[in-house]
Amino acid sequence: MEYRIDKKTLLDIMAQWNSFIKRRVHLIACGGTAMTLLQVKSSTRDVDFMIPRANEYNYLIKALKNLGYEQVTGNGWQRKGDPFRFDLFEGNRIHTTELLESPIEPGNHSLLKEYSRLYIGILNEYDLIASKLFRGTPVDFEDCLMLMKSRRHRIDTERLVSHYRELAGYDIAETRIMVHIDRFMELLKNEKIL
């Protein structure tokens, strides 16, 4: 059976983390987690958070180890018996995508919830779409279409294309990933979103 986590369950876990940690930690939701917290998707398979500040990342990893979490993949942390994996990305990186600016800077994320110590933000739509299109799986394209449908009033497509091209220009696989934005724009036209 494949487990998925919804917004309520995720926020319940975040409240538990908040009660355990003793320092301020900023988490910025990305990937399917951001889509779930924005209520574009009802749930996600794993939980993706960026932790922009290295000292906060190192502190949280230490705290999670004390809570029984173990590293199960390069960025993935999970407690034995728990169905959900937390993929935690330090700094400006999501998987292999490095953002142009820190997601913690004003305008690069929106606040979802602020606990006494834990700050939960959501990555901005431009970086969220770009990072998903960089991966380029069919699910990522579908997620981006869903995000555009639900938040088209907030997304300037010219800015999106420009941002994507600039970000891709710094990537080692620039040629391979540059075509993804063109394919996505075609999908938007076909879906009559543009």
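Residues numbered from 1 in each chain as written. Predicted model: local features only at pLDDT ≥ 70, side-chain atom pairs only at ≥ 80, totals over all residues. Heavy atoms only, no water.

With respect to the packing of helix α4 (residues 125-135) against helix α7 (residues 174-190)
Next up, step 1: Where α4 contacts α7, the axes come no closer than 9 Å and their chain directions differ by 120 degrees. Handedness of the crossing formed by α4 with α7: right-handed. Of the residues in α7, those in contact with I129, L133, F134 and R135 of α4 are R176, I177, H180, I181 and F184. (Axes fitted to C-alpha atoms, helices over the stretch in contact; angles between N-to-C directions. Helix = DSSP H or I, 4+ residues; strand = E, 2+ residues; numbered from the N terminus. Left-handed = near helix turned anticlockwise from the far one by under 90°. Contact = heavy atoms within 4.5 Å.)

Some thoughts on the pairing of strand β10 (residues 109-114)
Next up, step 1: The sheet contact formed by β10 and strand β11 (residues 118-123) spans five bridges and is antiparallel. Each residue of the ladder has a partner; that of L111, found in β11, is G121.
Next up, step 2: The hairpin formed by β10 and β11 contains three residues between the paired strands. (Pairing = 2+ DSSP bridges.)

Brief notes about the sheet that holds strand β4 (residues 47-51)
Within a sheet, each strand pairs with its neighbour through backbone hydrogen bonds, oriented either parallel or antiparallel.
Next up, step 1: Pairing is mixed in the open sheet, where seven strands are placed in the order β5-β6-β7-β4-β2-β11-β10. Each having just a single partner strand, β5 (69-71) and β10 make up the two edges of the open sheet. On average, each strand axis in the sheet is inclined to that of its neighbour by 35 degrees, with strand direction left out of account.
Next up, step 2: For β5 and strand β6 (residues 76-79), the ladder comprises three bridges, and the chain directions are antiparallel. Directly across from Y69, in β6, lies its bridge partner R79.
Next up, step 3: Packing against the sheet, helix α3 (residues 54-66) makes contact with β2 (25-29), β4, β5, β6 and β7 (86-90), and its axis sits at approximately 150 degrees to β7.

Here's the deal with the side chain of D87
Next up, step 1: Structurally, the position occupied by D87 is in strand β7.
Next up, step 2: For D87, the side chain forms a polar contact with the side chain of R85, separated by 2.8 Å.
Next up, step 3: When near neighbours in sequence (up to four residues on either side) are disregarded, D87 contacts D46, V47, D48, F49, T73, N75 and G76. (Polar contact = N/O pair within 3.5 Å; in protein donor to acceptor, adjacent residues only side chain to side chain.)

Quick notes on unusual backbone geometry
Next up, step 1: Not every positive phi belongs to a glycine, and Q39 is a case in point at roughly 65 degrees.
Next up, step 2: When you line up the elements, Q39 lands in the loop between α2 (31-37) and β3 (43-44).
Next up, step 3: A residue is classified by how much of its surface remains accessible, and Q39, at 61% relative accessible area, is exposed.
Next up, step 4: Even without a glycine there, the phi angle at K192 is positive, about 60 degrees.
Next up, step 5: Looking at where K192 falls in the secondary structure, it is placed in the segment after α7. (Buried < 20%, exposed > 50% of the residue type's maximum accessible area, 1.4 Å probe, protein only.)

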